[in-house]
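Commentary on secondary and tertiary structure
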Amino acid sequence: MNIILLGPPGAGKGTQANRLVEERGMVQLSTGDMLRAAVKASTPLGLKAKAVMDRGELVSDEIVSELIDAELTAMDAGTGAIFDGYPRTRAQAERLDELLDKHGRKLDRVIELEVDEDALVDRITGRFTCGNCGAGYHDRYNLPQVEGVCDRCGSTEFKRRPDDTEETVRTRMQEYRAKTAPILPYYEERGIVSRVDGMASIDEVADKIDALLS
Ligand code: ADP
Ligand code: ADP
Ligand code: ZN
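We now turn to the structure provided with this report. Note that the coordinates shown come from a computational prediction; the quantities given were computed from them, not determined experimentally.

How each quantity is defined
Residues numbered from 1 in each chain as written. Chains lettered and ligands numbered in written order. Predicted model: local features only at pLDDT ≥ 70, side-chain atom pairs only at ≥ 80, totals over all residues. Heavy atoms only, no water. Near = heavy atom within 4 Å. Polar contact = N/O pair within 3.5 Å; in protein donor to acceptor, adjacent residues only side chain to side chain. Areas by Shrake-Rupley, 256 points an atom, 1.4 Å probe, with all protein chains shown as cover. Helix = DSSP H or I, 4+ residues; strand = E, 2+ residues; numbered from the N terminus. Nonpolar A, V, L, I, M, F, W, Y, C, P; charged D, E, K, R; others polar. Axes fitted to C-alpha atoms, helices over the stretch in contact; angles between N-to-C directions. Parallel < 35°, antiparallel > 145°, perpendicular 65-115°, else oblique. Left-handed = near helix turned anticlockwise from the far one by under 90°. Contact = heavy atoms within 4.5 Å.

**Re the site of ligand 2**
- Not every one of the 18 residues close to ligand 2 is listed here, only the nearest: Gly 10, Thr 15, Arg 127, Tyr 137 and Ala 200.
- Residue Arg 127 places a side-chain N or O atom 2.6 Å away from an oxygen atom belonging to ligand 2.
- Contacts to ligand 2 include Asn 142, whose side-chain N or O atom sits 3.5 Å from an oxygen atom.
- For ligand 2, whose free accessible area comes to 570 Å², the fraction covered by protein is 90%.
- Per element, the largest residue contribution to the shell around ligand 2 is three residues, and it comes from helix 1 (residues 13-24).
- Grouping the amino acids of the shell around ligand 2 by side-chain chemistry returns seven nonpolar, eight polar and three charged.

**Some words on the packing of helix 1 against helix 9 (residues 202-213)**
- Close contact between helix 1 and helix 9 brings their axes to 11 Å; oriented N to C, the two are set at 55°. Taken together, the axes of helix 1 and helix 9 lie oblique to each other. Viewed along their axes, helix 1 and helix 9 form a crossing whose handedness is right-handed. Judged by residue contacts, Thr 15, Gln 16, Arg 19, Leu 20, Glu 23 and Arg 24 of helix 1 engage Ile 202, Val 205, Ala 206, Ile 209, Asp 210 and Leu 213 from helix 9.
- The residue makeup of the contact of helix 1 with helix 9, split by class, is six nonpolar, two polar and four charged.

Shown next as structure tokens:
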């Protein structure tokens, strides 16, 4: 199974993708995570992408599509893919179709997480992750069970993204509205889009997604 999780920054894509990985053994392909890894490793690509990401703008279609191509090449053909944060433009959506074709895969479903924009700033500015395993948390909505200790791996190191500021979130939301939301009709024509209320609790959203994929 190959699915796209679509939604603005903070909609819950990463949270739901993580759960699908744990429960279904699918692989999460997050271009945001790949780019952050490149920035951390100071690769030429990372150095180029960093300033763009810090501003909340989109990096080039070619860069992210190449990252996805490389991941699909490395993946076992039988393992399902969750596209998280990709595609984000019409050109990327068209490129993804070519890449799926090339790798013998077919897109099963596009799940749009619908959220109130007002909630996004709150979600993003409260977001933090485990520095060791990457598990995602929130200052108010999703705290570790024991304060300061990661539920998944026990680490006590946490981190916040430099682009998770109110100002950058506004730019990222504009990018989503201008460039990403307009790709929905591309998939709607094929009848593969499902909408899920992303304002429900994390568990409720998870249940809805499970029902769509069963
Ligand atoms: P969020 O989870 O908050 O939506 P991401 O982690 O997916 O954010 O992306 C962080 C940043 O990385 C984006 O603001 C953008 O600069 C860059 N980025 C990630 N994926 C893409 C993509 N598919 N196309 C262009 N830029 C991307
Ligand atoms: P995205 O990958 O779409 O940018 P995340 O999955 O990182 O979004 O979620 C953003 C923040 O909101 C995280 O801190 C996460 O713990 C929290 N969050 C995710 N889903 C929900 C939800 N349904 N209700 C409340 N908070 C949520
Ligand atoms: Zn952890």
